[in-house]
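# Residue-level structural notes
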Amino acid sequence: GPFRLRDFAFLEAQPPTLAHLGVVAASIVIGAGTHLAWDLFTHEGTWMGDHIPWLDRVIFTFAGRRFLGTTVLWIGSTLVGGTFSLLVLLAVGRQR
């Protein structure tokens, strides 16, 4: 199948050069920064709710639980991101 772990070993097979370590460090910083920025949109009580009013509004209620715009955006982005990640893994696995 396309999800054999050994098919992804090439991702780790990069030479441990200073340039590679710089790319890894930059990737970590960029990933952390974008994660924190996205949290401003997907967590209740952030200052983005003051600038984008629908983020702090109740979009719908289900089983007695209120779903604010931040929660709907969080759930939606998790589903989209997870689906994208699985599709990338499938594509990589099929090419190896």
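What counts and how
Residues numbered from 1 in each chain as written. Predicted model: local features only at pLDDT ≥ 70, side-chain atom pairs only at ≥ 80, totals over all residues. Heavy atoms only, no water. Pairing = 2+ DSSP bridges. Helix = DSSP H or I, 4+ residues; strand = E, 2+ residues; numbered from the N terminus. Phe/Tyr/Trp six-rings, centres within 6.5 Å; stacked < 30°, edge-to-face > 60°. Buried < 20%, exposed > 50% of the residue type's maximum accessible area, 1.4 Å probe, protein only. Lys NZ or Arg CZ within 6 Å of the ring centre and 35° of its normal.

Pairing of strand S1 (residues 58–62) with strand S2 (residues 65–68), which is carried by four bridges, proceeds in the antiparallel orientation. For phenylalanine 62, the partnering residue across the bridge sits in S2 and is arginine 65. Between the end of S1 and the start of S2, which pair antiparallel, lie two residues, with alanine 63 showing a positive phi angle near 55°.

Inspection of every chain in the model, using the stated rule, returns two aromatic pairs. Here tryptophan 38 and phenylalanine 41 contribute two aromatic rings whose centre-to-centre distance is 5.6 Å and whose plane-to-plane angle is 35°, an arrangement assigned as tilted. You can see tryptophan 38 and its partner phenylalanine 41 sitting in helix H1 (residues 18–42), three residues apart, about one turn around the helix. The exposure class of tryptophan 38 is partly exposed, given its relative accessible area of 38%. Arranged with centres 4.7 Å apart and planes meeting at 10°, the rings of phenylalanine 60 and phenylalanine 67 form a pair that is stacked. With relative accessibility at 41%, the residue phenylalanine 60 sits in the partly exposed group. The positively charged end of arginine 65 is found above the aromatic ring belonging to phenylalanine 67, 4.8 Å away from the centroid.

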